[in-house]
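# Understanding the architecture of this molecule
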Amino acid sequence: MAKKITLLGSTGSIGTQSLDVIRAQKYEVFGLSANSRVELLQKQIAEFHPKYVCVVDPTAYDTLSAALAGTAGAPKLLKGQEGLKTLAALDGADVVLNSVVGIAGLGASLAAIESGHDLALANKESLVTGGHLVTEAVKAHGVKLLPVDSEHSAIFQCLQDRESAKSLTKILLTASGGPFFGMTKEQLATKKKEDALKHPNWHMGAKITIDSATLMNKGLELIEAVWLFGLPPEKIQIVVQRQSILHSAVQFSDNSVIAQMGVPDMRIPIQYALTWPKRVPGVVPELDFAKLKEMTFDVADEETFRCLAACKKAIAKGGLGPCAANGANEEAVKLFLQDEIGFLDIGRLVEAMVDSDSFGGSYTLADVYECDRMARAFVHAHL
């Protein structure tokens, strides 16, 4: 029987590419969610016929509810953040794929896990802000956490030989370097959102594209890797691979290195998360080595790109440090996209937030949300 998928964040970049995979594999869509893009969501409903749909934004929910009124076979509608968590927890799906952007996805990730669903995770902030809570829930409920980020999927794929995985000593986490690789602080000071949104290799949503430009995304991925693979941050080396062909690699105790390669297309890691442990033909073209003329490697400049340095500080502090970094970044990126702060202000504000407290110790879900609130308030107080 075809797998049934609940897809959270179906109208975003990862969501629409996930539907490409679902379409190609003839999987069934059990549930969809979106924040506010009602027009696209309606088209998805018409094609995939989900049983449940959640719209987080109240105005958008009212618009969709009115549009579907009286429609035969219309899905049951859910509303808001509580509706998102309800959808993630509903029985009926084989896998929940969470591609919601930001800390808004944390509650849904926990709801899916606590309801016994395997979770395909594209929402890295779930682990960044609540890594201890998520990993403990995974252990308690005996579910599988399947990484969707291309880098973490690559590492996950390289570790499928369980015997070799026991001797893992190092992770080589790759970065494209974004559109500003090699630039100085003086050059970065004048960059606007139009410049930062021009990623050289990937087509992504605005927030993650800005995070790639600041290298915040790589800092978040380092934190995510700590939780996913159980290595301390000093055993995770960030390597700039400009062509985004080698997606990440692992090193074992004998110093051999295994890497995963492929064209820069998110549908590869999405498909692997949904079909795991099987590999099946998909919609992505093969990597043509006859046309692959060069692969370059470099180091990430965290002296210039302070978001990366801030994330390293945050995971070293532990506790709510990563949550504080993430909250400050989410708010700073929002302000940058509104042309209210400069590009370098993002790193300045994130690092200042991380430096403002020790952040160590245990925490609850309520603590996570309070830390996020305080981090956002800190940003506005230090503009």
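Look up a bit, the structure's there.
Now for a description of the structure that goes with this document. These numbers come from a predicted model, not from an experiment.

### Digging into the overall build of the protein
- When you go through the protein residue by residue, the secondary structure sums to 17 helices and 12 strands.
- The C-alpha radius of gyration of the protein comes to 20 Å, within 12% of the 21 Å expected for a compact globule of 383 residues.
- Judged by the C-alpha coordinates and their principal axes, the protein covers about 60 × 50 × 40 Å.
- A buried classification covers 54% of the 383 residues belonging to the protein.
- Contacts in the protein between residues far apart in sequence, at least 24 positions, make up 68% of those at least 6 positions apart.
- On the protein, roughly 16400 Å² of surface is accessible, and the fraction owed to carbon and sulfur atoms is 53%.
- Both charge centroids of the protein, one from 38 positive and one from 44 negative side chains, sit 3 Å from each other.

### Brief notes about the pairing of strand β8 (residues 168-175)
- The buried fraction of β8 amounts to 6 of the 8 residues, a majority that puts the element mostly inside the structure.
- Here β8 runs beside strand β10 (residues 246-252); their pairing, made up of 5 bridges, is antiparallel. If you follow Leu173 over to β10, its bridge partner there is Ser248.
- As judged from the 5 bridges shared by β8 and strand β9 (residues 236-240), these two strands associate in the parallel manner. The residue of β9 that forms the bridge with Thr174 is Val239.

### Here we look at helix α6 (residues 125-141)
- Its 17 residues give α6 an end-to-end C-alpha distance of only 20 Å, which falls more than 12% under 24 Å, the value for a rise of 1.5 Å per residue.
- At Gly131, α6 shows its largest bend, some 105°.
- Most of α6 is tucked away: 12 of the 17 residues are buried.
- If you check which residues of α6 are buried, you get Glu125, Ser126, Leu127, Val128, Thr129, Gly130, Gly131, Leu133, Val134, Thr135, Ala137 and Val138.

### Details of the pairing of strand β1 (residues 4-8)
- Burial within β1 is extensive, with 4 of its 5 residues counted as buried.
- In this sheet, strand β2 (residues 28-34) lies alongside β1 in parallel orientation, the contact comprising 5 bridges. From the neighbouring strand, Thr6 faces β2, where its bridge partner is Gly31.
- With helix α1 (residues 13-25) bridging β1 and its parallel neighbour β2, the resulting β-α-β unit is right-handed.
- Pairing geometry for β1 and strand β5 (residues 95-98), over 4 bridges, is parallel. Across the sheet, Leu7 pairs through a bridge with Leu97, a residue of β5.

### Quick word on the packing of aromatic side chains
- For the structure shown, the criterion picks out 5 aromatic pairs.
- Measuring from centroid to centroid gives 5.5 Å for Phe30 and Tyr52, while their planes differ by 45°, and the two rings are tilted. Here Phe30 is found in strand β2, whereas its partner Tyr52 is found in strand β3 (residues 52-55), with 22 residues between them in sequence.
- Residue class for Tyr52 comes out partly exposed when judged on its relative accessible area of 22%.
- Through successive ring pairs, a cluster of aromatic residues spans Phe156, Tyr272 and Trp276.

Conventions we followed
Residues numbered from 1 in each chain as written. Predicted model: local features only at pLDDT ≥ 70, side-chain atom pairs only at ≥ 80, totals over all residues. Heavy atoms only, no water. Helix = DSSP H or I, 4+ residues; strand = E, 2+ residues; numbered from the N terminus. Rg over C-alpha atoms; globule rule 2.2 N^0.38 Å. Buried < 20%, exposed > 50% of the residue type's maximum accessible area, 1.4 Å probe, protein only. Contact = heavy atoms within 4.5 Å. Areas by Shrake-Rupley, 256 points an atom, 1.4 Å probe, with all protein chains shown as cover. Lys, Arg positive; Asp, Glu negative; His and termini not counted. Charge placed at Lys NZ, Arg CZ, Asp CG, Glu CD. Pairing = 2+ DSSP bridges. Expected span 1.5 Å × (residues − 1). Bend = angle between axes of the 7 residues up to and from the residue. Right-handed = clockwise from strand over helix to strand, strands pointing away. Phe/Tyr/Trp six-rings, centres within 6.5 Å; stacked < 30°, edge-to-face > 60°.

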